Amino acid sequence: MYGSTSLLVAAETVIFVCSGMLASLSYRAYRRRRSRALGALFGGMVFVAVGALVGGALISLNVAQAVHAASVSATFVAIGLLLVTYSMYVGRQSASVL
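These numbers were taken from a predicted model, which means no experiment stands behind them.

Reading the values: the criteria
Residues numbered from 1 in each chain as written. Predicted model: local features only at pLDDT ≥ 70, side-chain atom pairs only at ≥ 80, totals over all residues. Heavy atoms only, no water. pLDDT = per-residue confidence, 0-100. Helix = DSSP H or I, 4+ residues; strand = E, 2+ residues; numbered from the N terminus. Polar contact = N/O pair within 3.5 Å; in protein donor to acceptor, adjacent residues only side chain to side chain. Contact = heavy atoms within 4.5 Å. Expected span 1.5 Å × (residues − 1). Patch = residues over 30% accessible without salt bridge, like charges linked within 9 Å, V, L, I, M, F, W, Y side chains within 5 Å. Areas by Shrake-Rupley, 256 points an atom, 1.4 Å probe, with all protein chains shown as cover. Salt bridge = Lys/Arg side-chain N within 4 Å of Asp/Glu carboxyl O. Buried < 20%, exposed > 50% of the residue type's maximum accessible area, 1.4 Å probe, protein only.

Caption draft 1: Representation of the confidence of the model for the protein in the model. Scored by pLDDT, the protein comes out at a mean of 89, with 90% of its residues at no less than 70. Within the protein, helix H2 (residues 36-60) carries the highest mean pLDDT (94), whereas helix H3 (residues 66-97) carries the lowest (85).

Caption draft 2: Looking closely at the side chain of Ser87. Take Ser87: it is sitting in helix H3. Reaching out from Ser87, the side chain makes a polar contact with the backbone oxygen of Val84 at a distance of 2.6 Å. Setting aside chain neighbours within four positions, we find Ser87 in contact with Ala37, Ala40 and Leu41.

Caption draft 3: Representation of H2. Taking 1.5 Å per residue, 25 residues should reach 36 Å; H2 reaches 36 Å between its end C-alpha atoms and fits that length. Just downstream of H2, Asn62 is the residue with a positive phi angle, here 55 degrees.

Caption draft 4: A look at a nonpolar patch on the surface. A contiguous nonpolar surface patch, about 370 Å² in accessible area, is contributed by Phe16, Val17, Met21 and Leu53. With three residues, the top contributor of residues to the nonpolar patch is helix H1 (residues 2-33). By the secondary structure assignment, Met21 is in helix H1. Using a relative accessible area of 54% as the deciding quantity, one classes Met21 as exposed.

Printed below as a string of C-alpha coordinates:
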(Lines give C-alpha, C1' and ligand atoms only; values in the text may rest on other atoms or scores of the structure.)
Protein backbone atom coordinates (compact mmCIF):
# COMPACT_ATOMS: atom_id res chain seq x y z
CA MET A 1 0.00 0.00 0.00
CA TYR A 2 2.83 2.41 0.80
CA GLY A 3 4.32 2.12 -2.71
CA SER A 4 1.07 3.06 -4.39
CA THR A 5 0.65 6.04 -2.05
CA SER A 6 4.13 7.26 -2.96
CA LEU A 7 3.30 6.87 -6.62
CA LEU A 8 0.10 8.91 -6.19
CA VAL A 9 1.97 11.70 -4.39
CA ALA A 10 4.66 11.73 -7.09
CA ALA A 11 2.03 11.91 -9.84
CA GLU A 12 0.19 14.72 -8.05
CA THR A 13 3.49 16.60 -7.72
CA VAL A 14 4.22 16.33 -11.45
CA ILE A 15 0.68 17.48 -12.27
CA PHE A 16 1.02 20.40 -9.85
CA VAL A 17 4.33 21.58 -11.30
CA CYS A 18 3.25 21.27 -14.94
CA SER A 19 -0.15 22.89 -14.45
CA GLY A 20 1.41 25.64 -12.36
CA MET A 21 3.85 26.42 -15.17
CA LEU A 22 1.01 26.45 -17.71
CA ALA A 23 -1.07 28.68 -15.43
CA SER A 24 1.82 31.13 -15.13
CA LEU A 25 2.33 31.24 -18.90
CA SER A 26 -1.37 31.64 -19.61
CA TYR A 27 -1.65 34.43 -17.03
CA ARG A 28 1.22 36.32 -18.65
CA ALA A 29 -0.44 35.89 -22.05
CA TYR A 30 -3.78 37.01 -20.60
CA ARG A 31 -2.22 40.19 -19.20
CA ARG A 32 -0.64 40.94 -22.56
CA ARG A 33 -3.70 40.26 -24.73
CA ARG A 34 -6.63 40.75 -22.31
CA SER A 35 -8.26 37.79 -24.02
CA ARG A 36 -11.24 36.16 -22.37
CA ALA A 37 -10.11 32.77 -23.67
CA LEU A 38 -6.69 33.13 -22.05
CA GLY A 39 -8.34 34.16 -18.79
CA ALA A 40 -10.46 31.01 -18.83
CA LEU A 41 -7.38 28.94 -19.66
CA PHE A 42 -5.59 30.47 -16.67
CA GLY A 43 -8.53 29.71 -14.39
CA GLY A 44 -8.72 26.13 -15.60
CA MET A 45 -5.02 25.52 -15.04
CA VAL A 46 -5.28 26.99 -11.54
CA PHE A 47 -8.08 24.53 -10.74
CA VAL A 48 -5.94 21.64 -12.01
CA ALA A 49 -2.97 22.83 -9.94
CA VAL A 50 -5.05 23.29 -6.79
CA GLY A 51 -6.61 19.87 -7.26
CA ALA A 52 -3.19 18.25 -7.49
CA LEU A 53 -1.95 20.18 -4.47
CA VAL A 54 -4.95 19.32 -2.31
CA GLY A 55 -4.98 15.69 -3.43
CA GLY A 56 -1.27 15.25 -2.78
CA ALA A 57 -1.51 16.95 0.60
CA LEU A 58 -4.44 14.83 1.72
CA ILE A 59 -2.63 11.66 0.71
CA SER A 60 0.76 12.51 2.17
CA LEU A 61 -0.62 13.86 5.47
CA ASN A 62 -2.92 10.84 5.88
CA VAL A 63 -5.87 13.16 6.42
CA ALA A 64 -8.08 11.10 4.13
CA GLN A 65 -7.96 7.70 2.51
CA ALA A 66 -6.31 7.62 -0.90
CA VAL A 67 -9.66 7.02 -2.60
CA HIS A 68 -11.22 10.12 -1.05
CA ALA A 69 -8.16 12.25 -1.73
CA ALA A 70 -8.12 11.11 -5.35
CA SER A 71 -11.83 11.94 -5.63
CA VAL A 72 -11.23 15.48 -4.36
CA SER A 73 -8.32 15.88 -6.76
CA ALA A 74 -10.32 14.50 -9.68
CA THR A 75 -13.17 16.92 -8.98
CA PHE A 76 -10.85 19.92 -9.13
CA VAL A 77 -9.18 18.58 -12.27
CA ALA A 78 -12.57 18.01 -13.93
CA ILE A 79 -13.64 21.60 -13.22
CA GLY A 80 -10.30 22.83 -14.50
CA LEU A 81 -10.60 20.86 -17.71
CA LEU A 82 -14.12 22.16 -18.22
CA LEU A 83 -12.69 25.69 -18.02
CA VAL A 84 -9.91 24.79 -20.45
CA THR A 85 -12.51 23.40 -22.85
CA TYR A 86 -14.55 26.57 -22.45
CA SER A 87 -11.46 28.64 -23.24
CA MET A 88 -11.08 26.78 -26.52
CA TYR A 89 -14.73 27.42 -27.35
CA VAL A 90 -14.54 31.13 -26.48
CA GLY A 91 -11.37 31.49 -28.53
CA ARG A 92 -13.09 29.94 -31.52
CA GLN A 93 -16.11 32.21 -31.15
CA SER A 94 -14.05 35.40 -30.98
CA ALA A 95 -11.94 34.31 -33.97
CA SER A 96 -15.04 33.78 -36.12
CA VAL A 97 -16.34 37.26 -35.27
CA LEU A 98 -13.19 38.88 -36.60
